Every structure is written in structure tokens, then in C-alpha cells.
Amino acid sequence: MNKPYNHTKATLALAKASFRSIMRSPSAVVFTLAFPLIFILVFGFLGGGGIKVDLAIAPGSDLQNPVIKALEETAVINLVKNKSKTEIAQQLEKGNIAGVIDVRKNTVPQPAYLANVQYTSASMDKGNILKSVLNNLMFMLNTRDLKPSVAEIRESTVHGRTYRTIDFILPGQLGFSLLSTGVFGTAFVFFSLRQTLVIKRFFATPVKRASIILGEGLARIGFALLGAVFIIMIGHFFFHFTLIHGIVTVLNMLVLSIIGLIVFMGFGFVVSGIAKSESTIPPIANIITLPQFLLSGTFFSIDHFPVWLQPISRALPLTYLNDAMRQVAFEGAGLWDVKLQILIMLIWGIAIYALAVKVFKWE
Amino acid sequence: MDRNNAIISVRNLVKNYADFTAVKGLSFDVYENEIFGLLGPNGAGKTTTLEIIETLREKTSGEIIVDGFSVDHDANEIKRIIGVQLQAAGYYPNLNLVELMELFAGLYGVNIKPMEMLEKVNLQDKAKAKYKALSGGQKQRFSIATTLLNSPKIIFLDEPTTGLDPQARRNLWDLITEIRKNGTTVVITTHYMDEAEQLCDRVAFVERGEIIALDTPDNLIDQLLSRGFERTKEVKKANLEDVFINLTGKEWREG
């Protein structure tokens, strides 16, 4: 009985209990893993092929000729065959297909074929791509056996890193996962522990308040990091998510995750303090998470937002987490290279914890 | 009970809330190894008094010494030697009883075997169950098990038998008597006078924040009789609860 009380032991016991509890809570698993993974799957499969232009072949068109053969080998072109005239007309009007081609054997020997192409005003951008693809193709076909008289193009491509959709989407989804775990998880746990007098029972033991906060925080960080590793691994092995320096990049991303999560947990403490009942937690938490979800470059680069919206985007902490994550993962930046982003997150952290200390309630 | 050591001494305890005074200068002692009952209607100040002794609530004024420690300066020492069962406490969600025991062992900083603790309150079969899935009597027994983890000198039980059926209630009485036999002092609140009469060595009646009587149940009954009190209905040698227990059997069931 005279042995001094061990605060570390109490903190770790709490962390262990909380971690077990989180792992068994369906909502935590859904928000941290399932949602981000669904988005990653959707965008991972969507983002593979780049631009495709649909080109219909008119019924009755000759199919055994060099033009069609060349078109079939062109990656950008997706040939649509076996459609009736009316179907093609309808789809052209809607812009579902960019054009229709009709190749016929010529009645005179030169040129051997005539290709009639019809574009649609409903899909001008794809039509222009189609136009230049066709011009290029015809030029190649027609000049195959000739020596150029003016100049010859010698083409080559620099082999850089392929920036895939996953490289943009995954860091955003990771940020979103941390945001929802931090805000929703923390808010619900502390609210319900307070409401069901679990915390009061804790206070009847020698445990310190700091141990309760720390234990909960450790459990949540542990859980979120597991989630982050899982998301990164799925992205890397199934969708070729770029990790420039391999494991070092992953570790850097995890450090960023911890910083982000601690900041977001601050929001969670505030929400648990100001919520009057369990049912007011989701709306308040959504006010915090949704704008960041949409405006922080989770799905679209904020450079594409209207100019008046960009300053709002650039004020949100998730913007900087996403930005730092992308630089670390794709550009191979070290943590020191993203110090500005980290600094802004820390400023958010200080502000939000100052508020949390004011509004947080134990009883 | 001889006049042995007071393990808890409360002097002139006052608790003011914003708009009313819950406790108005209470003074009493709890002796070592007795079962002490705090009785009184709802809102009389029983729970407030308990929670101030348990160091869960600030007092307005007065002095409280628990086993030589003052609630003002040594709250943490007091917490280490007491066990507290709250009236409506919940337990950490999604954990089973063994895991909850491990958590509390960590919070008290003691090494215990969770299964042994559960056996003490006859819950070893429920080791893998969640607290929420327990019956009322099982919940109370589990709560009491958590109060015993740190081998406390004193345990506080706030209405442990409210809402239980007669079998579960009797079962809990046996448990409480057992705990006292092992040398622990028990402070209990209850609304059931038969329970207080059966269990408590001494009881204090609390009314509107004041103690209006404090003695052994026997003495209090004798005092009332000596003032000429008579029951309107002659008491038989058994009551309806005896009938109930006799008809439905003594072993408690979990429903």
C-alpha cells in the first residue's frame, strides 16, 4: 500500500482499454477505414486510363482497311461498333460520342479510301482531340512511303514519374480519415464517458485527469496510425500509390498523421464540451468536418476553386495536412521541407486547445 | 460493537449549491469494521455526503478525516484506501468484465487476477460478457467487485439494492456481510428499512441535510416503542417477503 502510485501504468491501462473499445466500435472502423477505402477504390479504378474519346463506326462502313486498323491501335480512341443509325444520331446529339466515322472504298484508284467524319457540337473538346488524332493518323498513313520534303518530326518522351489519380486522392482520403477519427471519435467518447458517469467512477480512483486524456489520446493515435498504414499499403500495392523513399516516406507520413490527429482531436474536445446531448454531436462535428472535407483539396486541387473561395481553403488545417502529405509522398519532401505546413497546423493546434480548455467539461 | 476507533469522522459538514443548502452541518463517526447506514428520503443529502467523503465533490465547509487523511489535503491517499460504488455509474463501453477488471487494476495501480475478483462476487461465468448484458443484480455485484480491487479499508455503497428482486437483494446482503467479515468497513445508503435493520450495525437518519437520529437499529426501535408507539396491525411472525422467498426459492436467478 505504501508503494508509490504509478501514473504511467494507469495511463497505459486506460490506453489499452480505450484501444480495445475503439476496435470493437463499428462507427470508428467505418469512418477511419471503410469510407476512405471506398473513395480510394472508386478513384483508383476511375483514374487508370486517362482520356478516352468515343468514336462510332457508321453502319455499312468498311471495316477491313488501314484507317480502322490504325484507329483500333490508338489508345485514346474507343471505337463503338454495331450501333444503328438512329442510336448514333441520338448519342451524337447528347455528346455521348464525340463523332462518327464512315470509311468507304473509293471508286477511283487514288486515294484508295474515303473517310467521312461527323463531329458533334455537344462534345467540342473531345471532338477537337478526335480531329487532331485523325489528322495525325491520316498524315502518317499517307506519308508512310514518302520521304518528307520539308522536315521530319523525331518524337521522344521524357520518362518521369507517372502522377496517378491515386497520388492525389490517397493523401486526401488519409487526411479525411484522420479528421473524422479525431473529431467524431473524441467527441463521442468523452461525451458518453461523461454522460454515463464512467469518468466519475474513474475519479474515485487515484488516476489523474491528465492520464485519462493521455490514455484516450494514445489509443486514438494508435488506432489512426494502424488505419493510415492500412490505407497506404492498400494504395501502394493495389493502385501503385507513389512512395518515393519507401519506408522513410511512410514514416514521414505517419509523423504528419500524428500531428494532424492531435490538432483534430482538439476539435473533438471542443465538440464534446459544447454538445448538449448525444444527438447534437453529429451536426456540430459535421460543421467542422464537412467544409474541410470539401474545401481542403481532398478531392480536387484547391487551385481549381474560384478565386474568392481559395482564401477560405487556405485557412483550413486539413488543407495543410493534405498538402504536406502530397509533397512527402509524391515529391519526396522531408519533414523539414514542409515545415510551413506543420507550423500552420501547430498554430491551429494551439488555438483549438486553448478553446478546448475553456469549454471542456468533466462532469 | 464497542466504541472502537473512528475510521471516518465528519464534523460540521456543510454543502451549499447555488440555490439551496444540501447538507447543513452534519457530524458523525463511522467506526472501524462496522456496517454504517445512511438512511433518509430522496434529496435528503445522503449521496452528496457520501460523494464529499469519497473526494468526488467539494465541500463548502467542515472537516472530514478518513483513516487519518484529510479530504482537503490528502484526497489521493484517501482514494487509494477506499472503494466506491456509485448510484448510477457506467463502465467503459465495448469491454468485457475481465477487461474492465484489468482497466481498474491499472487505475488503482494493483496487480490482481481478474478471474479471482469475479469469483468473489460469483461472476466467473460472466467473464466474457459485457457489463450492459448483465442483469440488475449482476451489475451491482460487478460494481462491488470493482470496489474491492485495491483491498480497501472502507467501501461506500450507494443504494446497491435498489431495483433488485428479493433473491438478488438477499444475495447481495450475504456478499456485503462477507466483505465486512474480511475486515472492511462498509458505508451504505438504502431506502429499505428491513435491509438496514438486517445489515447495519448503526444507522443515521438524514432529513433535509441534517442528522435527526443516529444509533443501532435496535436502540432506535426501542426508543420509538418507549414513546408509546404501536403498529396498527399486529405483526405476524412472517411477512409477505418471507412468503415470496419461501414460494420461489432462495437461490437467486439472473433475468
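Residues numbered from 1 in each chain as written. Chains lettered and ligands numbered in written order. Predicted model: local features only at pLDDT ≥ 70, side-chain atom pairs only at ≥ 80, totals over all residues.

Condition: UniProt positions are given in the numbering used here, feature names are shortened, and annotations may be inferred rather than shown by experiment.
As annotated in an unreviewed UniProt entry, chain B carries the name ABC-2 type transport system ATP-binding protein and is attributed to Pedobacter westerhofensis. In its Sequence similarities (unreviewed entry) section, UniProt records this for chain B: "Belongs to the ABC transporter superfamily." Quoted straight from UniProt, the Subcellular location (unreviewed entry) entry for chain B says "Cell membrane".

An unreviewed UniProt entry lists chain A under the name Transport permease protein, from Pedobacter westerhofensis. In the Sequence similarities (unreviewed entry) part of its UniProt record, chain A is described as follows: "Belongs to the ABC-2 integral membrane protein family."

Description of the overall build of chain B
Heads up, the rule is: Segments assigned H or I by DSSP are reported as helices when at least four residues long, segments assigned E as strands when at least two residues long, and all are numbered from the N terminus. Values of the radius of gyration come from C-alpha atoms, whereas the globule rule sets the reference at 2.2 Å times the count of residues to the power 0.38. Buried residues are those with 20 or more other C-beta atoms within 10 Å of their own C-beta, exposed residues have 12 or fewer, and partly exposed residues lie in between; C-beta atoms are placed from the backbone. In this description, any two residues whose backbone-derived C-beta atoms lie within 7 Å of each other are considered to be in contact.
A tally of helices and strands in chain B yields nine helices and ten strands. Taken against the 2.2 N^0.38 rule, which gives 18 Å for 255 residues, the C-alpha radius of gyration of chain B at 19 Å falls within 12% of a compact globule. With respect to the principal axes defined by its C-alpha atoms, chain B has extents near 55 × 55 × 40 Å. When the 255 residues of chain B are sorted by exposure, 42% land in the buried category. Long-range pairs, those at least 24 residues apart, make up 67% of the contacts in chain B between residues at least 6 apart in sequence.

Brief notes about the domain arrangement of chain A
Stated formally: As annotated, the domain borders come from an automatic or database domain assignment.
As assigned here, chain A comprises domain 1 (7-46 + 164-359) and domain 2 (53-143). Taken over C-alpha atoms, the centre of domain 1 of chain A sits 50 Å from the centre of domain 2 of chain A.

Thoughts on unusual backbone geometry
Residue and element names in this part refer to chain A. Positive phi outside glycine occurs at N82, with the angle close to 55 degrees. Along the chain, N82 falls in the loop between strand 2 (77-80) and helix 4 (85-94). Although it is not a glycine, H240 sits at a positive phi angle of roughly 60 degrees. As for its placement among the helices and strands, H240 is situated in the loop between helix 8 (209-239) and helix 9 (247-274).

Side note on the confidence of the model for chain B
Keep this limit in mind: Each residue carries a pLDDT score, the predictor's own confidence in it, on a scale running from 0 to 100.
Scored by pLDDT, chain B comes out at a mean of 89, with 96% of its residues at no less than 70. Under the prediction, the complex receives an ipTM of 0.89, its pTM being 0.78.

Looking at the sheet that holds strand 5 (residues 69-70) of chain B
Residues and elements named next belong to chain B. Convention followed: Strands were regarded as paired on the criterion that DSSP finds at least two bridges between them. Only C-alpha atoms enter the line fits that serve as axes; for helices the fit covers just the stretch in contact. Angles between N-to-C directions range over 0 to 180 degrees.
Reading across from one edge, 2-1-4-5 is the order of the four strands in this open sheet, with antiparallel pairing throughout. Each having just a single partner strand, strand 2 (21-31) and strand 5 make up the two edges of the open sheet. Taken together, the five bridges between strand 1 (residues 6-16) and strand 4 (residues 61-66) define a ladder with antiparallel strand orientation. Of the residues in strand 4, the one forming a bridge with I8 is V66. Here helix 1 (residues 46-53) sits on the sheet and contacts strand 1, strand 2 and strand 4; the angle it forms with strand 1, its principal contact strand, is near 120 degrees.

Some words on the UniProt feature "domain: ABC transporter" (unreviewed entry) in chain B
Listed under "domain: ABC transporter" (unreviewed entry) in the UniProt record, and renumbered for this structure, are residues 8-233 of chain B. Taken end to end, residues 8-233 of chain B comprises 35% helix and 27% strand; its first and last C-alpha atoms sit 40 Å apart.

Here's the deal with the packing of helix 1 (residues 7-23) of chain A against helix 8 of chain A
All names here are of chain A. For clarity, the threshold we go by: With respect to orientation, any angle under 35 degrees is reported as roughly parallel, any angle over 145 as roughly antiparallel, any angle of 65 to 115 as roughly perpendicular, and every other angle as oblique. Handedness of a helix crossing follows the sense of rotation of the near helix relative to the far helix, less than a right angle counterclockwise being left-handed and clockwise being right-handed. Here the nonpolar group is Ala, Val, Leu, Ile, Met, Phe, Trp, Tyr, Cys and Pro; Asp, Glu, Lys and Arg are the charged ones; every other residue, Gly included, is treated as polar.
Between helix 1 and helix 8, the shortest axis-to-axis distance is 7 Å and the interhelical angle comes to 45 degrees. The orientation of helix 1 relative to helix 8 falls into the category oblique. Considering only the axes of helix 1 and helix 8, their crossing is right-handed. Contact residues: H7, A10, T11, L14, A15, S18, F19 and I22 in helix 1; S211, I212, L214, G215, E216, L218, A219, R220, G222 and F223 in helix 8. Residues belonging to the contact of helix 1 with helix 8 are distributed by class as follows: ten nonpolar, six polar and two charged.

Digging into helix 9 (residues 240-248) of chain B
Burial of helix 9 of chain B is sparse: only zero of the nine residues sit out of reach of the surface. B:G249 occupies a position one or two residues after helix 9 of chain B and carries a positive phi of about 90 degrees.

Details of the interface of chain B and chain A
Reports of interface size often rely on the accessible area that becomes lost once the parts have come together. Of the residues lining the interface, 23 residues belong to chain B; the matching set on chain A comes to 24 residues. Secondary structure elements with two or more residues in the side of chain B that touches chain A: helix 2 (75-81) and helix 3 (97-108) of chain B. Broken down by element, the side of chain B that touches chain A gets its largest block of residues, seven residues, from helix 3 of chain B. Its residues assigned to classes, the side of chain B that touches chain A shows 13 nonpolar, five polar and five charged.

Considering helix 5 (residues 124-143) of chain A
Residue and element names in this part refer to chain A. Quick reminder of the rule: Here the expected length of a helix is defined as 1.5 Å per residue gap, with one fewer gap than residues. It is the directions from the helix axis to the C-beta atoms whose arc is reported.
Helix length check: helix 5, at 20 residues, gives a terminal C-alpha distance of 28 Å against a target of 28 Å (1.5 Å per residue), a fit within 8%. Along helix 5, the positions that sit buried rather than exposed are K126, G127, L130 and L134. For helix 5, the angular spread of buried residues about the axis comes to 95 degrees, placing them on one side. Of the exposed residues in helix 5, those oriented more than 90 degrees away from the buried face are D125, S132, N135, N136, F139, M140 and T143. The inward-facing, buried residues of helix 5 contact strand 1 (53-57), strand 3 (99-105) and strand 4 (113-119).

A few points about the packing of helix 6 (residues 165-195) of chain A against helix 8 of chain A
Residue and element names in this part refer to chain A. The geometry of helix 6 relative to helix 8 is characterised by a closest axis approach of 10 Å and an angle of 160 degrees between their N-to-C directions. Between helix 6 and helix 8, the interaxial angle falls into the category roughly antiparallel. Where helix 6 crosses over helix 8, the handedness of that crossing is right-handed. Residue-level contacts link I166, L170, Q173, L174, S177, L178, T181, G185, T186 and V189 of helix 6 to E216, R220, A224, G227, A228, I231, G235 and F239 of helix 8. Among the residues making up the contact of helix 6 with helix 8, the classes are represented as nine nonpolar, seven polar and two charged.

Comments concerning the sheet that holds strand 1 of chain A
Residues and elements named next belong to chain A. Spatially, 2-1-3-4 is the arrangement adopted by the four strands of the open sheet, whose pairing is mixed. Sheet topology places strand 2 and strand 4 at the edges, where each strand pairs with a single neighbour. Between one strand axis and the next, the sheet turns by 30 degrees as a mean value, whatever way the strands run. Looking at chain direction, strand 3 and strand 4 are connected through seven bridges and run antiparallel.

Concerning the UniProt feature "transmembrane region" (unreviewed entry) in chain A
Feature annotation in UniProt assigns "transmembrane region" (unreviewed entry) to the following positions: residues 28-46, 174-193, 218-238, 244-271, 283-302 and 340-360 of chain A. Taken end to end, residues 340-360 of chain A is 95% helix and 0% strand, and its first and last C-alpha atoms sit 29 Å apart.

Some thoughts on the pairing of strand 2 of chain B
Residues and elements named next belong to chain B. Relative to strand 2, strand 1 runs antiparallel, the two sharing eight bridges. The residue of strand 2 that forms the bridge with K15 is V23. In textbook terms, the turn of a hairpin is the stretch between consecutive antiparallel strands, and for strand 1 and strand 2 this stretch comprises four residues.

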